[in-house]
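Now for the letters of each chain:
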Amino acid sequence: MKRRDVLKSLSLLPLVGTVEAKSIMKPFSAPAEANGVPNLFEELGVTPYINASATMTFLSGSLMLPEVMAAINSTASDFANMYELQDKVGAKIAEMLKCEAAMVTSGAAGALVLGTAACITGMDRKKIKMLPQLEGPQREVIMQKKHRYAFDQTIIMTGAKIVEVENAEEMERAINENTVMALFFNGAISWYGGEDAIKHEEFVAICKRHNIPSFVDAAADVPPVENLFKYQKMGFDLVTFSGGKMIRGPQSAGLLFGRKDLIEAAKQNNSPHESPIGRPMKVNKEEIFGMYAALKSYLARDHKKEWQLWLDRITYIQNQLETIPTVKGETTVPEGPANVMPGLQLTWDEKRVKITGDEVSKQLEAGKPAIIIRGQGNSLSVGVTLLRDDQVAIVAQRVKEVLESALQKA
Ligand SMILES: *Cc1c(COP(=O)(O)O)cnc(C)c1O
């Protein structure tokens, strides 16, 4: 079935409950094909997915907002001096985030490389050119053992070595003349459960006592919007967030902000300079403008209203699906700090609805339109925050079809 046909058949469906279609429909953008642009998905045979899960890089992150696309398009027809652009956008972002300095990077991963490089080299041109093969002893970055994660390869890329510590006392003892930085993985609790052995405040205090820059990776940690201000206030010297997750900027962009001298050094380690480690981490002009537009839009947004929109979507989908015998929906919000957004957890009695969550997930992914939803056991986790306005009813309808097809006679 073509998308348009799906829409046509869906428009015949009654909307259940007090949620009207209109409230679900804001403020998400229209698909490309509606604007008379050739459909390149179709031309190349690339599958367009509906993301009823969370922001995932393999699934192209998130969808850029119309105002981000406007920023990209409106800045594409003139040249800009990239040093000037990065300086001016950075100054503006610093003002918006109430910190000393900021820059746009190639995602949070790029920010981790550049921030670490900055802590190693400062403004020393010779060191910048030599990185990652510096003279002298190997530089050291301190991390909590339980904070080790996939993205710490970005630290190792600079030539530094990660020194693991398990508590505050060990951290104090680990710091020596080769220590260049300490990294805090903000989402560790979300990934691994448990608690941070060294909490934010204590971590920052130890770094300050030893005059070591502290860096917090909070890549996926908005919402809530307050987190964009929280960590610089706590005293972290460097903070990064992804641009292409819930801020909904370009997927290849991110934010690095904090202490002015370190941001200056990070810029020296970055493109458009020709030799530094950051040269392959180029962010193009339009994406820098786009990142700025996305942040501006994110800060200006009515976050309560957006949260309510998500809840309305959940209510709508839940009402559609609870018409199936034994199917129950529940609104869940992860404790955070990562991915703090409401979602719908669907469960059912596998004796009545004879299918596993994983099978539902596979069928939806293979269907048309292709939908990504996480499933396990007798449950399905339906994410609603990345759906386009017109996709809410499609998701409800498709999940309903798959569950109903597995329905056994009572
Ligand atoms: C997503 C993520 C990154 C990488 O961010 P990009 O913007 O994709 O480069 C780094 N750290 C954490 C914790 C993340 O969740």
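Being a predicted model, the structure only gives us computed values, none of them experimental.

Q: Where do I start with the overall build of the protein chain in this structure?
A: Check the secondary structure of the protein chain and you find 17 helices and 13 strands. Its C-alpha radius of gyration of 23 Å places the protein chain within 12% of the 22 Å reference for a compact globule of 410 residues. Here the C-alpha coordinates of the protein chain stretch approximately 75 × 55 × 35 Å along the principal axes. Taken across its 410 residues, the protein chain has 53% of its residues classed as buried. Looking at the protein chain alone, contacts between residues at least 24 apart form 71% of all its contacts between residues at least 6 apart. Side-chain charges in the protein chain split into 48 positive and 49 negative, and the spacing between the mean points of these groups amounts to 3 Å.

Q: Is there a simple way to explain the sheet that holds strand 12 (residues 374-376) in this structure?
A: The pairing of strands in a sheet happens through backbone hydrogen bonds and is either parallel or antiparallel. With antiparallel pairing, four strands are arranged side by side in an open sheet as 9-10-13-12. Edge positions in the sheet fall to strand 9 (328-332) and strand 12, since each has one partner strand and no second. Each adjacent strand pair in this sheet contributes to an overall mean axis angle of 20°, direction not counted. Sheet topology places strand 10 (residues 343-347) next to strand 13 (residues 379-383); five bridges connect them, and they run antiparallel. In the sheet register, L346 faces strand 13, and the bridge partner there is L380. Of the strands in this sheet, strand 12 and strand 13 are in contact with helix 16 (residues 357-366), which crosses strand 12 at around 150°.

Q: Which parts of the structure should I look at to understand the site of the ligand?
A: Neighbouring the ligand are the residues T57, G107, A108, A109, Y149, F151, F185, D217, A219, A220, S242 and K245. Contact between the ligand and S242: an oxygen atom at 2.7 Å from a side-chain N or O atom of the residue. Contact distances for the ligand include 2.8 Å between an oxygen atom and a side-chain N or O atom of K245. Taking 390 Å² as the accessible area of the ligand by itself, protein coverage stands at 88%.

Q: Looking at this model, I keep getting lost on the sheet that holds strand 3 (residues 140-144). Mind explaining?
A: Spatially, 2-8-7-6-5-3-4 is the arrangement adopted by the seven strands of the open sheet, whose pairing is mixed. At either margin of the open sheet sits one strand with a lone partner, and together these are strand 2 (101-105) and strand 4 (161-165). Neighbour-to-neighbour, the strand axes of this sheet turn through a mean angle of 25°, independent of strand direction. Pairing analysis gives five bridges linking strand 3 to strand 4, with the strands arranged parallel. In the strand pairing of strand 4, Q144 is matched with V165.

Q: What am I meant to see in the domain arrangement of the protein chain here?
A: Reports of interface size often rely on the accessible area that becomes lost once the parts have come together. Here the domain parsing of the protein chain yields domain 1 (3-63 + 303-405) and domain 2 (66-300). Measuring from the centre of the C-alpha atoms in domain 1 to the corresponding centre in domain 2 gives 33 Å. With 18 residues of domain 1 in contact, the opposing surface of domain 2 contributes 17 residues. Between domain 1 and domain 2 lies a buried interface of about 1500 Å² when both sides are counted; carbon and sulfur atoms form 56% of it.

Q: Where do I start with the nonpolar core in this structure?
A: If you look at soluble globular proteins, the nonpolar side chains tend to sit buried side by side. Counting 48 residues, the largest nonpolar core has I93, L97, M171, L228, F241 and I247 as the members making the most contacts within it. Tallying contributions element by element places helix 14 (residues 285-300) first for this core, with six residues. Those residues in contact with L228 that sit more than four places away from it in its chain are L97, V222, F241, I247, F257, L295, Y298 and L299. Listed in part, the 34 residues of the second largest apolar core include I50, L380, V382 and L403.

Q: Even after reading the chapter, I still don't get the packing of helix 16 against helix 17 (residues 392-405), so can you show me in this structure?
A: Any two packed helices are characterised by the angle at which their axes cross and by the distance between the axes. In contact at an axis separation of 10 Å, helix 16 and helix 17 are set at 125° when each is read in the N-to-C sense. The angle between helix 16 and helix 17 falls in the class oblique. Like other packed secondary-structure pairs, helix 16 and helix 17 cross with a definite hand, here right-handed. Packed against helix 16, whose contacting residues are V360, Q363 and L364, the element helix 17 presents R398, V399, V402 and L403 at the interface.

Q: How do you make sense of the packing of aromatic side chains when you look at a structure like this?
A: Counted according to the given criterion, the structure contains 13 aromatic pairs. Between F184 and F203, the ring centres sit 5.1 Å apart and the planes meet at 80°, which makes this aromatic pair edge-to-face. Taken together, the positions of F184 in strand 5 (residues 179-185) and F203 in helix 11 (residues 200-210) put the pair 19 residues apart, joining distant regions of the chain. By the burial criterion, F184 is buried, and F203 matches it.

Q: Any chance you could explain the confidence of the model for the protein chain here in plain terms?
A: Low pLDDT marks regions whose predicted coordinates should not be analysed in detail. For the protein chain, mean pLDDT is 92; residues scoring 70 or higher make up 91% of the total. A low-confidence stretch, residues 1-30 stays under pLDDT 50, and its non-local contacts, those more than four residues away or across chains, total 48 contacts.

Q: What is the right way to read the packing of helix 5 (residues 82-96) against helix 14 from this model?
A: Look at helix 5 against helix 14: their axes get within 10 Å of each other, and the N-to-C directions meet at 10°. Compared by their axis directions, helix 5 and helix 14 come out roughly parallel. When helix 5 is examined against helix 14, the residues M82, L85, Q86, V89, K92, I93 and M96 are found in contact with a partner set consisting of K285, I288, F289, Y292, L295, K296 and L299. Classifying every residue of the contact of helix 5 with helix 14 gives 10 nonpolar, one polar and three charged.

Q: Would you mind going over the environment of Q308 with me for this structure?
A: The topology assignment puts Q308 in helix 15 (residues 303-321). In this structure Q308 comes out as partly exposed when scored by relative accessible area, which is 41%. For the pair formed by Q308 and P342, sequence separation is 34 residues and the distance between their alpha carbons is 9.7 Å.

Q: Explain the layout of surface pockets to me, please; I cannot follow it from the model alone.
A: Think of a ball as big as a water molecule: rolled over the atoms, this probe shows where empty space is left. Put simply, the second largest pocket is a space of about 910 Å³. Lining the second largest pocket are 45 residues, with A54, T55, M56, A220 and N339 positioned closest to its centre. For the lining of the second largest pocket, the secondary structure elements donating two or more residues are helix 6 (107-121), strand 10 and strand 13. Examining the composition of the lining of the second largest pocket, we find that four residues originate from one element, helix 6, more than from any other. Residue classes in the lining of the second largest pocket are distributed as 23 nonpolar, 18 polar and four charged. Counting contributing residues, the lining of the second largest pocket receives three or more from each of domain 1 (3-63 + 303-405) and domain 2 (66-300).

Thresholds, definitions, all that
Residues numbered from 1 in each chain as written. Predicted model: local features only at pLDDT ≥ 70, side-chain atom pairs only at ≥ 80, totals over all residues. Heavy atoms only, no water. Helix = DSSP H or I, 4+ residues; strand = E, 2+ residues; numbered from the N terminus. Rg over C-alpha atoms; globule rule 2.2 N^0.38 Å. Buried < 20%, exposed > 50% of the residue type's maximum accessible area, 1.4 Å probe, protein only. Contact = heavy atoms within 4.5 Å. Lys, Arg positive; Asp, Glu negative; His and termini not counted. Charge placed at Lys NZ, Arg CZ, Asp CG, Glu CD. Pairing = 2+ DSSP bridges. Axes fitted to C-alpha atoms, helices over the stretch in contact; angles between N-to-C directions. Near = heavy atom within 4 Å. Polar contact = N/O pair within 3.5 Å; in protein donor to acceptor, adjacent residues only side chain to side chain. Areas by Shrake-Rupley, 256 points an atom, 1.4 Å probe, with all protein chains shown as cover. Domains from an automatic or database assignment. Buried area = accessible area lost by both parts, 1.4 Å probe. Core = buried A, V, L, I, M, F, W, Y, C linked by side-chain atoms within 4.5 Å. Parallel < 35°, antiparallel > 145°, perpendicular 65-115°, else oblique. Left-handed = near helix turned anticlockwise from the far one by under 90°. Phe/Tyr/Trp six-rings, centres within 6.5 Å; stacked < 30°, edge-to-face > 60°. pLDDT = per-residue confidence, 0-100. Nonpolar A, V, L, I, M, F, W, Y, C, P; charged D, E, K, R; others polar. 1 Å grid on protein atoms, 1.4 Å probe; cavity = no way out; pocket = protein on both sides within 12 Å on 5 of 7 lines; lining within 4 Å. Points joined across faces, edges and corners; volume = space filled by probe spheres on them.

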